[in-house]
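What the coordinates show
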Amino acid sequence: MANKRRRSIFRQDAGRAFLRFLIGTVLLIALVALFYIFVLQAKIDIPLPGAQTPAPTETVKSEPTPQSTAEPTAVPVATAAAEPVSEPTAVPTIEPTAQPTDAPPPEPTATPIPQESMAGEMLPLMDGMPETVSESLKLGLKELNMFESAGRSVLVVRGYAYIEGADAAQSHGYLVITDAASGVTLGMYPVTVSSEDADLTFDAASGSNLEQAFFRANVDVSGMYDGIYLITMAVENNGRIEWNNFDDRMFHFYVMQGLGLLSE
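Being a predicted model, the structure only gives us computed values, none of them experimental.

Overall, antiparallel pairing links the 4 strands, which are arranged β1-β2-β6-β5 in an open sheet. Both outer strands of the open sheet, β1 (137–149) and β5 (192–193), are each paired with one neighbouring strand and no more. For strand β2 (residues 152–163) and strand β6 (residues 214–220), the ladder comprises 7 bridges, and the chain directions are antiparallel. Directly across from tyrosine 160, in β6, lies its bridge partner phenylalanine 214.

What follows is the structure, encoded as structure tokens:
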């Protein structure tokens, strides 16, 4: 076999071609880098074919308007009204009211009792007063109260008392005051007929003019000595005298240093 000359796989200008390729690649990379830096990062607008470039707008620098030194003419200018600043409204201070307590209300104060309606001074007991109570004397209390009037303690007694079978118009009634501690009867006060207080009917009674049996008495007890007292009732009719207890209480009122108080 004839020897043939072995051909080299390398071309003679391959080195220069490779060098040109390498330089071109570096230049391409540099151009791409410059494009990225100056165009994309700096946001430089490059007009594209077919795109309409907007006309540049002219920026006008505004100069401050000189203020006039003349006094402004008072011409109303329609401006938006500012919200009025409302003055704080004075809130009245409310004083707390006193809380109700469980204390009982004070005793009612009556109108001063005129002197002419008072029972007068205590009288001695009538002669012929029976020693024991009489069941024929019918009586009852409608009011028993104590008032302070003009510096005096006034005992107010209202009720009725009549002798069974007698004419009440001919009767005279008396409040009898007894010292409850000693049992000594001190005296009596005449009562005043008060027929306007008649609000009961006595259908089973045998007396007459029984509306005259209603009475009232105002007794000043301020001058009595300190002690406890019992009230009973005596009625005189044409010389006949009867007396009886209003109820079964041991005493009705007491006096301490001129002040009269009812028993509880």
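After that view, the rundown keeps rolling.
In this structure, alanine 150 takes a positive phi of about 55° despite not being glycine. Relative to the assigned elements, alanine 150 resides in the loop between β1 and β2. Non-glycine residue asparagine 209 carries a positive phi angle of around 50°. Relative to the elements of secondary structure, asparagine 209 occurs in the loop between β5 and β6.

Residues Leu155, Leu175, Ile231 and Phe253 are the most contacted members of the largest nonpolar core, which totals 26 residues. Going through the elements one at a time, β1, β2, β3 (171–179), β6, β7 (227–237) and β9 (253–256) are the ones with two or more residues in this core. Look past the residues within four positions of leucine 175 in its chain and what remains in contact with it is Val157, Gly187, Met188, Tyr189, Val191, Phe215, Ala217, Val219, Ile231, Thr232, Met233 and Phe246. Within the second largest apolar cluster, 8 residues are counted, among which are Tyr160, Tyr162, Ala205 and Phe214.

Bringing the pattern of salt bridges into the picture now. Scanning the model with the defined rule gives 6 salt bridges in all. Of the charged contacts, one joins aspartate 199 and lysine 142 as a salt bridge, the two residues approaching to 3.0 Å between their closest N and O atoms. Within this pair, whereas aspartate 199 is found in the loop between β5 and β6, its partner lysine 142 is found in strand β1, the two being separated by 57 residues in sequence. Aspartate 199 gets classed as exposed once you look at its relative accessible area, which sits at 52%.

This part covers the pairing of strand β4 (residues 184–190). Both β3 and β4 contribute to a ladder of 6 bridges, which runs antiparallel. Pairing of aspartate 179 across the sheet is with valine 184, part of β4. Once β3 ends, the chain turns through 4 residues before running back antiparallel as β4, passing glycine 183 with a positive phi of about 80°.

Attention shifts here to a nonpolar patch on the surface. Taken together, the side chains of Leu31, Leu34, Tyr36, Ile37 and Phe38 make up a nonpolar region of the molecular surface, amounting to roughly 520 Å² of accessible area. One can find leucine 31 in helix α1 (residues 14–41).

Residues shown with low pLDDT carry predicted positions that ought not to be read at fine detail. In the predicted model, the protein chain carries a mean pLDDT of 79, and the fraction of residues at 70 or more is 67%. For the protein chain, per-element mean pLDDT is lowest for α1, which scores 78, and highest for β7, which scores 98. For residues 68–81, every residue scores under 50 in pLDDT, and the model assigns this stretch 0 contacts once sequence neighbours within four places are set aside.

The subject of this paragraph is the pairing of β2. Within β2, 12 of the 12 residues are buried, which leaves it mostly tucked inside the rest of the structure. Where burial is concerned, the two faces of β2 agree: the one with Arg152, Val154, Val156, Arg158, Tyr160 and Tyr162 and the one with Ser153, Leu155, Val157, Gly159, Ala161 and Ile163 are both buried. When β1 meets β2, the two strands line up antiparallel, connected through 12 bridges. Looking at the pairing, leucine 144 lines up with valine 157 of β2. A loop of 2 residues connects β1 with β2, the two strands running antiparallel in sequence, and alanine 150 in this loop sits at a positive phi of about 55°.

Analysis parameters
Residues numbered from 1 in each chain as written. Predicted model: local features only at pLDDT ≥ 70, side-chain atom pairs only at ≥ 80, totals over all residues. Heavy atoms only, no water. Pairing = 2+ DSSP bridges. Helix = DSSP H or I, 4+ residues; strand = E, 2+ residues; numbered from the N terminus. Core = buried A, V, L, I, M, F, W, Y, C linked by side-chain atoms within 4.5 Å. Buried < 20%, exposed > 50% of the residue type's maximum accessible area, 1.4 Å probe, protein only. Contact = heavy atoms within 4.5 Å. Salt bridge = Lys/Arg side-chain N within 4 Å of Asp/Glu carboxyl O. Patch = residues over 30% accessible without salt bridge, like charges linked within 9 Å, V, L, I, M, F, W, Y side chains within 5 Å. Areas by Shrake-Rupley, 256 points an atom, 1.4 Å probe, with all protein chains shown as cover. pLDDT = per-residue confidence, 0-100.

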